[in-house]
Amino acid sequence: ASGRLSAHRKCLLSRSLLSVASRCAQDGIALWSATLTNATTMSAPLLELWSRVGPIIARDFDNLLEVLQIIGGYMLLGRGAFMSLHARDVVSVLDGCLMEVKDRGKVAVADCAALLLEVFPAEGPALLEPLVVRMLQVLLANRELGDTVVTAFTLVCGRALSLNPQ
């Protein structure tokens, strides 16, 4: 009986440790987002953290909304200097998430894309072309999308087309 109890305790301990690690990761992401929100300039340590965005999203989408806020923070704080280095990474993250998330995540991706178009009206449409094409494909595929998703996608596509009518 003690052998089964020991295995049971190990299982409970493992689950507890995973839960704590998950909360620590969420707390770390929240701290990262708050740091970006309150920073006045882009620092080298903040720029170094950027490389962690991909692995966080690749692991799962549990923190998608917070990660998209972080991406928005980098776009706003780092502006052209950040985007000249990482624009393709930003678009890759957005594009990679779009088809893998539910409606709320799709709207958040669209909001992040809209921010990119707002902050970078000259470069944004060309950068987001693959994402805009994918959004149009989703809209035209007549899938059962929520009204909020349809509105968000339509706004991003319309803004991209109006900024770059070619």
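Coordinates for the structure precede this section.
A. Structural context of the overall build of the protein chain. Looking only at helices and strands, the protein chain has eight helices and zero strands in total. Each of the 166 residues in the protein chain was classed as buried or not, and the buried ones make up 37%. The contacts of the protein chain with a sequence gap of at least 6 include a subset with a gap of at least 24, amounting to 69%. Put simply, the protein chain shows about 10000 Å² of open surface, and 56% of that area lies on carbon and sulfur atoms.

B. Quick look at the nonpolar core. Membership of the largest hydrophobic core comes to 51 residues, with the highest contact counts inside it found for I71, M75, M83, V90, L94 and L128. Secondary structure elements with two or more residues in this core: helix 1 (2-38), helix 3 (53-59), helix 4 (64-98), helix 5 (103-119), helix 7 (129-140) and helix 8 (147-163).

C. Just the environment of G78, in detail. Among the structural elements, G78 can be located in helix 4. For G78 and T40, which are 38 residues apart along the polypeptide, the C-alpha to C-alpha distance reads 9.8 Å.

D. Summary view of helix 8. Here helix 8 is 17 residues long and its end C-alpha atoms lie 24 Å apart, about the 24 Å a rise of 1.5 Å per residue gives. Residues V149, A152, F153, V156, C157 and A160 constitute the buried set of helix 8. For helix 8, the angular spread of the buried residues around the axis is 125°, confining them to a single face. Exposed positions of helix 8 whose direction lies more than 90 degrees from the buried face are D147, T148, L155 and S162.

E. Structural view of the packing of aromatic side chains. Enumeration over the complete set of coordinates arrives at four aromatic pairs. Relative to Y74, the ring of W50 lies with its centre 5.2 Å away and its plane at 70°, an arrangement referred to as edge-to-face. One end of the pair, W50, is in the loop between helix 2 (44-49) and helix 3; the other, Y74, is in helix 4, with 24 residues separating them in the sequence. Under the relative-accessibility criterion, W50 is labelled buried at 5%. When the centroid spacing of 5.0 Å and the interplanar angle of 85° are considered together, the rings of W50 and F82 count as edge-to-face. Here W50, found in the loop between helix 2 and helix 3, pairs with F82, found in helix 4; they are 32 residues apart in sequence, far enough to count as distant. Through pairs of rings, three or more aromatic residues link up here, namely W32, W50, Y74 and F82.

F. A look at the environment of L139. The residue L139 is located in helix 7 in this model. In this structure L139 comes out as partly exposed when scored by relative accessible area, which is 24%. Residues L139 and T151 lie 12 residues apart in sequence; the distance between their C-alpha atoms is 10.0 Å. The residues touching L139, leaving out its near neighbours within four places in the chain, are L145, V150, F153 and T154.

G. Structural context of helix 4. Over its 35 residues, helix 4 extends only 11 Å from the first C-alpha to the last, a length that falls short of the 51 Å expected when each residue adds 1.5 Å. Residue R79 marks the point of greatest curvature in helix 4, where the axis turns by about 120°.

H. Structural context of the packing of helix 5 against helix 8. Remark: helix 5 packs on helix 8, axes separated minimally by 9 Å, with the N-to-C direction vectors making an angle of 20°. With respect to each other, helix 5 and helix 8 are oriented roughly parallel. When you trace helix 5 past helix 8, the crossing you get is left-handed. Along the contact surface, helix 5 presents D103, K106, V107, A110, A113, A114, L117 and E118, while helix 8 presents T148, V149, A152, F153, V156, R159, A160 and L163. Looking at the contact of helix 5 with helix 8, its residues break down into 11 nonpolar, one polar and four charged.

Reading the values: the criteria
Residues numbered from 1 in each chain as written. Predicted model: local features only at pLDDT ≥ 70, side-chain atom pairs only at ≥ 80, totals over all residues. Heavy atoms only, no water. Helix = DSSP H or I, 4+ residues; strand = E, 2+ residues; numbered from the N terminus. Buried < 20%, exposed > 50% of the residue type's maximum accessible area, 1.4 Å probe, protein only. Contact = heavy atoms within 4.5 Å. Areas by Shrake-Rupley, 256 points an atom, 1.4 Å probe, with all protein chains shown as cover. Core = buried A, V, L, I, M, F, W, Y, C linked by side-chain atoms within 4.5 Å. Expected span 1.5 Å × (residues − 1). Arc of directions from axis to C-beta. Phe/Tyr/Trp six-rings, centres within 6.5 Å; stacked < 30°, edge-to-face > 60°. Bend = angle between axes of the 7 residues up to and from the residue. Axes fitted to C-alpha atoms, helices over the stretch in contact; angles between N-to-C directions. Parallel < 35°, antiparallel > 145°, perpendicular 65-115°, else oblique. Left-handed = near helix turned anticlockwise from the far one by under 90°. Nonpolar A, V, L, I, M, F, W, Y, C, P; charged D, E, K, R; others polar.

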